[in-house]
Structure formats: C-alpha cells, structure tokens
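Per-entry structural report
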Amino acid sequence: MRPGEASYDILLQPQTADIEGHPEHGPVLRVITVRATGAQGESGYPRYAGEGVEADVDPRTRTVEAITLDGEELPYGWVALIADQDGAGTG
C-alpha cells in the first residue's frame, strides 16, 4: 500500500537469528488488516486499528513504530512488518 492509504496489512512474525547472529524472520504467524483511525498515536505517527491491533505507522517509511496486540505488547521475539503488495514484509 502507498503512503496516505487508509489501511495496511501488518505481518506478525517471530524474529530469530542465524548462526552468525544476523536477524532472520520466521514464518508469518498472523496477518492483520488495520485501518486509519484519524488519530495520532503516542509515537507521533498516524494510528491504525483492526482485529485487536492498534499500531502507529510511519506512512513515509512504511514502518510500524508502535503496536499492541489485544491491548498488550507483542510477545518477546515477535516483529510487526507492513506487507508489500505481494504479501511479503518490508523492513
């Protein structure tokens, strides 16, 4: 999705590391569609919400700057990425 669009697909994935310590993303555990709320989040970026998720997204860089899942922080080791048009994560 392009900056300024009203929704994004967020991919939740575990982040692991290879034998040399380089970060790797595991399989997608959940895909959530979030829509603009019109509010600004605590991080200063636009707030998006849907399916139990609230996320602040920087539309310029397509980065999830803050996120909660069912009112809680993401589990340790999970990452949230904005999906490309082909469904792959960016970031």
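Use the structure listed above.
How each quantity is defined
- Residues numbered from 1 in each chain as written.
- Predicted model: local features only at pLDDT ≥ 70, side-chain atom pairs only at ≥ 80, totals over all residues.
- Heavy atoms only, no water.
- Helix = DSSP H or I, 4+ residues; strand = E, 2+ residues; numbered from the N terminus.
- Buried < 20%, exposed > 50% of the residue type's maximum accessible area, 1.4 Å probe, protein only.
- Contact = heavy atoms within 4.5 Å.
- Salt bridge = Lys/Arg side-chain N within 4 Å of Asp/Glu carboxyl O.
- Pairing = 2+ DSSP bridges.
- Phe/Tyr/Trp six-rings, centres within 6.5 Å; stacked < 30°, edge-to-face > 60°.
- Polar contact = N/O pair within 3.5 Å; in protein donor to acceptor, adjacent residues only side chain to side chain.

**Considering the overall build of the protein chain**
- Across its full length, the protein chain holds zero helices and seven strands.
- The order of helices and strands in the protein chain, counted from the N terminus, is β-β-β-β-β-β-β.
- Buried positions account for 31% of the 91 residues belonging to the protein chain.
- Look at the contacts in the protein chain between residues 6 or more apart in sequence, and 36% of them connect residues 24 or more apart.

**Comments concerning the pattern of salt bridges**
- Counted according to the given criterion, the structure contains two salt bridges.
- The closest approach of N and O atoms between Glu 54 and Arg 47, which form a salt bridge, is 2.8 Å.
- In this structure, Asp 56 engages Arg 47 in a salt bridge whose closest nitrogen and oxygen atoms are separated by 2.5 Å.
- What emerges from the salt-bridge pattern is a single network uniting Arg 47, Glu 54 and Asp 56.

**Quick look at the pairing of strand β4 (residues 46–50)**
- Alignment of strand β3 (residues 30–40) against β4, held across three bridges, turns out to be antiparallel. For Ala 36, the partnering residue across the bridge sits in β4 and is Tyr 48.
- Count of turn residues in the β3/β4 antiparallel hairpin: five residues, of which Gly 44 carries a positive phi of about 95 degrees.
- In the sheet, β4 pairs with strand β5 (residues 53–58) via four bridges, with the strands oriented antiparallel.

**A word on the packing of aromatic side chains**
- Using the criterion set out here, one finds one aromatic pair in the structure.
- On the numbers, 5.0 Å between centres and 70 degrees between planes, the contact of Tyr 8 with Tyr 48 is edge-to-face. Here Tyr 48 lies in strand β4 and Tyr 8 lies in strand β1 (residues 7–17), a separation of 40 residues in the sequence. Each of the two residues, Tyr 8 as well as Tyr 48, counts as buried.

**Brief notes about the environment of Asp 56**
- Here Asp 56 lies in strand β5.
- You can call Asp 56 buried: its relative accessible area is 2%.
- Along the sequence, Asp 56 and Ala 36 sit 20 residues apart, while their C-alpha atoms lie 9.5 Å from each other.
- There is a polar contact of 2.5 Å between the side chain of Asp 56 and the side chain of Arg 47.

**Things to note about the environment of Asp 58**
- Mapped onto the elements of the fold, Asp 58 is located in strand β5.
- Residue contacts for Asp 58: discarding those within four places in its chain leaves Tyr 45, Thr 63 and Glu 65.
- One polar contact links Asp 58 to Thr 61, side chain to side chain, over a distance of 3.1 Å.

So, to be careful, I would describe these as geometric facts and stop short of saying anything about function.
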